[in-house]
Amino acid sequence: MKKPTIKFTATTLILLCILTSCSEKFTIDQKENYTKVINSDGATLGYSPESGIKIISQDRYAFKDLNKNGTLDSYEDWRLPIAERAKDLASQMSLEDISGLMLYSSHQSIPGSSRGFGASQYGGKPFPESGALASDLSDDQKKFLTDDHLRHVLITSVESPAVAAQWNNNAQAFAEGLYLGIPVNTSSDPRHGSDSYAEFNAGAGGSISMWPGTLGIAATFDPSIMKQFGEIGSKEYRALGIATALSPQIDLATEPRWSRFDGTMGEDPDLATDLARAYVDGFQSTDGGDWGMQSVNAMVKHWPGGGPEEGGRDGHFGYGAYAVYPGKNIADHIKPFTEGAFKLDGPTKMAAAVMPYYTISTGEGENVANGYNKYLITDILRGKYGYEGVLCTDWGITRDITSVSKFEGKPFGVENLSVAERHYKAIAAGMDQFGGNNDMGPVLEAYKLGVAELGEEAMRARFEASAVRLLTNIFRVGLFENPYLEVAETEKIVGNSEFMKAGFDAQLKSIVMLKNQNKTLPVEAKKKVYVPQRYVAPTTNWWGITTPEKTVDAFNMQVVAKYFDVVDSPEEADFALVGIYSPNGGVGYDYADLENGSNGYVPISLQYDTYTADTAREVSLAGGSPLEDFTNRTYKGKTVNTINTTDMQLVNDTKTKMGDKPVIVSVKVGKPMIFSEIEGSASAIVVHMGVQDQALMEIITGAVEPSALLPFQMPVDMLTVEAQFEDVPRDMKPYIDADGNTYDFAYGLNWSGVIDDARVKKYK
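Residues numbered from 1 in each chain as written. Predicted model: local features only at pLDDT ≥ 70, side-chain atom pairs only at ≥ 80, totals over all residues. Heavy atoms only, no water.

### What to know about a negative patch on the surface
Reasoning step 1: The grouping of D565, D568, E571, E572 and D574 at the surface amounts to a negative patch.
Reasoning step 2: Looking at where D574 falls in the secondary structure, it is placed in the loop between strand 26 (565-567) and strand 27 (575-581). (Patch = residues over 30% accessible without salt bridge, like charges linked within 9 Å, V, L, I, M, F, W, Y side chains within 5 Å. Areas by Shrake-Rupley, 256 points an atom, 1.4 Å probe, with all protein chains shown as cover. Salt bridge = Lys/Arg side-chain N within 4 Å of Asp/Glu carboxyl O. Lys, Arg positive; Asp, Glu negative; His and termini not counted. Charge placed at Lys NZ, Arg CZ, Asp CG, Glu CD. Helix = DSSP H or I, 4+ residues; strand = E, 2+ residues; numbered from the N terminus.)

Structural data, given as structure tokens:
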């Protein structure tokens, strides 16, 4: 029998504390927007006075009466093991409650935009016309929290850290007032990228600390930097109200043409494994220990490795639906998961969640997308490797698709099933949650399908199993106890000068010097520099939004002017500084090709100049879609033009204008590239994966010595790219420059020459 409980309002608790000289083991701290209850040797609680929640006192401790039944339920008792609490709550949840818990919202911006992607209304009006505050909940958010019982929310842009914190408090108070009081678990895609135009100084602060992308951190070959990023990133995330990271992306980047190459940790399985472990440890551990109030659930992606797309075509589209394994090498792709994210050094033990990719992994179980593949999910991930965490689909896999070239649903291999049948198939495969779905209707329909096949008892048990896993991740980061934020503290934490400095230092360590002919670098400060502008061709993104052509400064010229004397012509200059991007050789599909009577499939190029794929496969390794009347997706003999071929022209034209004077080239690389087209015109080359321009200037002037290494190969030509296997790492012939240096994995220069240190010995 449970001990009797006493239920108090906040006012009563304060009076009780005064009358009894605080004989209770807790104290009350009334904040501006919520009530904080501090148990002297236990959990700190937070609740909204407007939610109807009251505090229960038992054994002189305070507990939140989340379901408002006047008694202390096991799930409300913070002293109990999380497994017991999650099981108790799951047993109390209705079918609708669990179905809502199995949803992960579509992208939410704060505040919502007036039109287009992420558009929202407030009181039936667009935000600018509504009179709402930026931190208010939108109409859609109130609906999916209430009607659809949704509790996992993905946020994108936020107006400011303060607005994000206040929105969090509003969302938590709203959810807390609903039945069972289950808090909102807010998540984010990576948001720590650097702004090249932002300046850094010792007191620099910003909306969030700025770091190189994970590929840039990979170039440091230093897992301790990745762990530091995770530790700092988790503190900033929690200060924004974010408790789950939809990261890291630990796909092995063995296919150099893949558009998501720049989000990976490189192509080497050992390096990626160590970095994946460090990232997850950093995000999930509170102060280096177990789960706590600074912990962020890490959702590693994309099982079983999204890297080996055939021809480099990406799985966000039907034309990229297939991952292929010509080298029979799925083992390397699984390693960053099983040996890295699932074998942590810290006490959280393994990543909290896993997201499979959109693709069909050919030859690995049923010929369906990974989120529907029972062999890969239940037999291998859960069975062989014993993974016990949450499995969440990538966004939109259950939606319909009308064309292989449109950004729509990704129901690859199950196009002919209904939306409800797709949900049921994913659940039967072992999935717990559906990314990008705000509507619980299809989940309820899937439940009915399961009852018809398995019976009510079995299907209820299956839903409760998912609920326990999902609730576990909410419990262990402390959201049931106190999901509220102090806005002033958020403003102090996010983007503070200490965190900004750590990010800037990591940027410096991520810049790779590939070439330094005749010791061109470092360049003395205040020398005269000519910096040509860069032409940017018109482009259209995934959502059909077109950016017009423009000519831009390649760097923040105010930053450059602090280091050098900027001049207007090559004749006046001591040297030239050229800023370019790696080649953008397309996505591998062209609707015009289809209209011309071909199959629509074209090459993806890693060179600036026009490329014809004369050596491509005659017959693709995979193919087939109900939307196509053929299965051979070959692009052999077809030609593609690179979007930014003008970058190559800019380098070579600048060399012509400069004559014998040095030309320093800075390349922002998103994936490997063919250097033969520009290397001869460059006296020095540095590459980076997203840094502030100031970091580049620190390297170029010699204030900091370059130390980074290539986390992938730079191919000698497109012939070796076509010949390599999509699933095999480091199987291309690398480029050799005029100095005889080979642009291979783990290559980089410092002032003394080719780096050959412990990192190279360990990983190469």
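### Looking at the packing of helix 8 (residues 223-240) against helix 9 (residues 269-284)
Reasoning step 1: Axis separation between helix 8 and helix 9 bottoms out at 7 Å; the angle between their running directions is 30°. Taken together, the axis directions place helix 8 and helix 9 in an arrangement best described as roughly parallel. For helix 8 against helix 9, the interelement crossing comes out right-handed. Touching P223, M226, K227, F229, G230, E231, G233, S234 and Y237 of helix 8 are D274, L275, A278, Y279, D281, G282 and F283, all from helix 9.
Reasoning step 2: Among the residues making up the contact of helix 8 with helix 9, the classes are represented as eight nonpolar, four polar and four charged. (Axes fitted to C-alpha atoms, helices over the stretch in contact; angles between N-to-C directions. Parallel < 35°, antiparallel > 145°, perpendicular 65-115°, else oblique. Left-handed = near helix turned anticlockwise from the far one by under 90°. Contact = heavy atoms within 4.5 Å. Nonpolar A, V, L, I, M, F, W, Y, C, P; charged D, E, K, R; others polar.)

### Structural notes on the pattern of salt bridges
Reasoning step 1: With the rule as written, the count across this model stands at 35 salt bridges.
Reasoning step 2: Between D647 and R534 there is a salt bridge, and its shortest N-O distance comes to 2.8 Å. Within this pair, whereas D647 is found in helix 19 (residues 645-658), its partner R534 is found in strand 22 (residues 534-536), the two being separated by 113 residues in sequence. Across this residue pair, the class does not change: D647 and R534 are buried.
Reasoning step 3: For K638, the salt bridge goes to D593, with nearest N and O atoms at 2.8 Å. (Buried < 20%, exposed > 50% of the residue type's maximum accessible area, 1.4 Å probe, protein only.)

### Side note on the sheet that holds strand 4 (residues 44-47)
Reasoning step 1: Strand order in the open sheet formed by three strands is 2-3-4, with antiparallel pairing between adjacent strands. Only two strands of the sheet have a single partner each, and these edge strands are strand 2 (26-30) and strand 4. Direction aside, neighbouring strands of the sheet carry axes that sit 20° apart on average.
Reasoning step 2: Bridge count between strand 3 (residues 35-39) and strand 4: four bridges; the pairing is antiparallel. By the bridge assignment, K36 is partnered in strand 4 with G46. (Pairing = 2+ DSSP bridges.)

### What to know about unusual backbone geometry
A negative phi angle is the norm for most residues apart from glycine, just as the trans form is the norm for most peptide bonds.
Reasoning step 1: P111 follows I110 through a cis peptide bond whose omega is -5°.
Reasoning step 2: Position of P111 among the secondary structure elements: in the loop between strand 8 (107-110) and strand 9 (121-122).
Reasoning step 3: Its identity is not glycine, yet K349 carries a phi of approximately 75°, on the positive side.
Reasoning step 4: Turning to its location among the elements, K349 is positioned in the loop between helix 10 (330-341) and strand 16 (353-356).

### Considering the pairing of strand 12 (residues 185-188)
Reasoning step 1: Residues N185 and S187 point to one face of strand 12 and T186 and S188 to the other, with burial holding for every one of them.
Reasoning step 2: One crossover worth recording links strand 11 (residues 152-158) to the parallel strand 12 by way of helix 6 (residues 161-176), and it is right-handed.
Reasoning step 3: Where strand 12 and strand 13 (residues 242-245) come together, three bridges link them in parallel fashion. Counted as the bridge partner of T186 is I242 from strand 13. (Right-handed = clockwise from strand over helix to strand, strands pointing away.)

### Some remarks on the packing of aromatic side chains
Reasoning step 1: Throughout the structure, instances matching the rule amount to 31 aromatic pairs.
Reasoning step 2: Taking 3.9 Å as the distance between ring centres and 15° as the angle between the ring planes, the aromatic pair formed by F475 and F480 counts as stacked. Of the two residues, F475 and F480, both sit in the buried class.
Reasoning step 3: Through pairs of rings, three or more aromatic residues link up here, namely F317, Y319, F407, Y589, Y601 and F630.
Reasoning step 4: Of note, K410 hangs over the ring of F407, and the distance from its end group to the ring centre comes to 4.0 Å. (Phe/Tyr/Trp six-rings, centres within 6.5 Å; stacked < 30°, edge-to-face > 60°. Lys NZ or Arg CZ within 6 Å of the ring centre and 35° of its normal.)

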